[in-house]
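Chains, contacts and geometry: an overview
Here is what each chain is made of, one letter per residue.
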Amino acid sequence: MSLARVAGPLRQLLRPSPLFSNAARVMSPSFPAAIRMTAMRTMATGPASGGAVSDEMLAKLSKLSTQAIIDGLWVMGWPTSFIEGARSLGKGQKCAGRAVTLRFVPQRPDIGQDKPGGGDSPEYEAFEKCGNNEVLVMASVGPWESVGGDIKFLRLKQRNVGGLVTDGSVRDTDELLNYGFPVFSFSTTPKQGPAAMQPWECNGVIECGGVVVRPGDAIVGDQDGVVVVPAKAVDKVYSIAHGREQIEEIVKEELTKNPGPPGKFYPFMSGKIKVDSPLGKLLATKGITPQNSNQFEGSADW
């Protein structure tokens, strides 16, 4: 084969691609060091979501108390999952859904200029991902800053959102209560949010109320507050929390029939109940043993 026949294809093969050329320019010493380091670390970012929580599991979690879920995470050694400051806006509100996350950043002129505007704003992107089995979790830049009010959140009502949780504040309280979906916030405020912060990212890993939230994590809220159940651990957390609630009901029933100090049976630690303890013997009369429960010493499966 003559050299002339291969020279053309060879030149085409060796021609730098636009992607390579752009990457090379970014990594050039003429670019600022911060930009070069950002480009180098782009692929080091881990996946935003840690797993998937089924609708069936959400239904089960909705029947548990937040304190039982907290206890389940605690005995497994997970860090605290209580979103500090997020309290129910109305009496009796409860939510259980998969997290859709939204992160706000402090206001700065170029932030407002560079982020997508109008209907393409990250907050509206997040709204459209919400349904009755999703909870929108909004990470504010401060507890008294407004994440929104009646006009913005009308769309969440239309989407039949499962709930809204924020470590910031909300506006138009009466109207939000009329919308009917659960709202958990640090407080209420008449302030406008855009003066202090801008929505920046939808469905990234966020920190809300001192807790890490990943898209798809289970969010459960009741009158005691809001907890985050990591999607990766949700099955085991439910198993432990459900077992605890069963035992607590038995203890309350016993103390109601035979009044006395609860210290004979309570508190107890999941995975540490001794078979020959007063609580262990009481549970045996109800058919709960190490053979069918992970709450006993030696039966813990986490």
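This write-up is about the structure you can find in this document. Worth saying up front: this structure is predicted, and the values here are computed from it rather than measured. (Residues numbered from 1 in each chain as written. Predicted model: local features only at pLDDT ≥ 70, side-chain atom pairs only at ≥ 80, totals over all residues. Heavy atoms only, no water.)

**Structural notes on the environment of Thr-80**
With respect to the helices and strands, Thr-80 occurs in the loop between α5 (66–76) and β1 (87–88). Relative accessible area serves as the criterion here: at 56%, Thr-80 is assigned to the exposed category. The spacing of Thr-80 and Gly-210 is 130 residues in sequence and 8.7 Å in space, taken between C-alpha atoms. Within polar-contact distance, the side chain of Thr-80 engages the backbone nitrogen of Phe-82 at 3.5 Å. (Helix = DSSP H or I, 4+ residues; strand = E, 2+ residues; numbered from the N terminus. Buried < 20%, exposed > 50% of the residue type's maximum accessible area, 1.4 Å probe, protein only. Polar contact = N/O pair within 3.5 Å; in protein donor to acceptor, adjacent residues only side chain to side chain.)

**What to know about the side chain of Gln-198**
With respect to the secondary-structure elements, Gln-198 resides in strand β8 (residues 197–202). Using a relative accessible area of 13% as the deciding quantity, one classes Gln-198 as buried.

**Notes on the nonpolar core**
Residues Leu-136, Met-138, Phe-153, Leu-156 and Phe-181 are the most contacted members of the largest nonpolar core, which totals 21 residues. The set of elements that each furnish at least two residues to this core consists of β2 (95–106), α7 (122–128), β3 (134–139), α8 (150–158), α9 (173–179) and β8. Residue contributions to this core peak at three residues, all from β2. For Phe-153, the residues in contact, after removing those within four places along its chain, are Phe-127, Met-138, Val-147, Gly-148, Leu-164, Val-170, Leu-176, Tyr-179 and Phe-181. (Core = buried A, V, L, I, M, F, W, Y, C linked by side-chain atoms within 4.5 Å. Contact = heavy atoms within 4.5 Å.)

**Quick look at the packing of aromatic side chains**
One pair of aromatic rings is described through two measures. These are the centre distance and the angle between the planes. Taken as a whole, this structure holds five aromatic pairs when the rule is applied. Here the aromatic cluster, defined as three or more aromatic residues joined through ring pairs, consists of Tyr-124, Phe-127 and Phe-153. Across from the ring centre of Phe-268, 4.4 Å away, lies the NZ or CZ of Arg-244, which sits over that ring. (Phe/Tyr/Trp six-rings, centres within 6.5 Å; stacked < 30°, edge-to-face > 60°. Lys NZ or Arg CZ within 6 Å of the ring centre and 35° of its normal.)

**Some points on the pattern of salt bridges**
If charged atoms from side chains of opposite charge come close, those side chains can pair. Going through the model one piece at a time under the given rule, you end up with 15 salt bridges. Here Arg-98 makes a salt bridge to Asp-55, at a shortest N to O gap of 2.9 Å. With a gap of 43 residues between them, Arg-98 in strand β2 and Asp-55 in helix α4 (residues 55–61) connect regions that are remote in the sequence. The partly exposed category is assigned to Asp-55, whose relative accessible area is 39%. A salt bridge links Glu-128 to Arg-155, with the shortest nitrogen-to-oxygen separation between them at 2.7 Å. Of this pair, Glu-128 sits in helix α7 while Arg-155 sits in helix α8, and the two are 27 residues apart along the sequence. By relative accessible area, which is 38% here, Glu-128 ends up partly exposed. Given a relative accessible area of 31%, Arg-155 falls into the partly exposed group. Each of Asp-55, Arg-98 and Glu-134 takes part in salt bridges that share partners, so that together they form one network. (Salt bridge = Lys/Arg side-chain N within 4 Å of Asp/Glu carboxyl O.)

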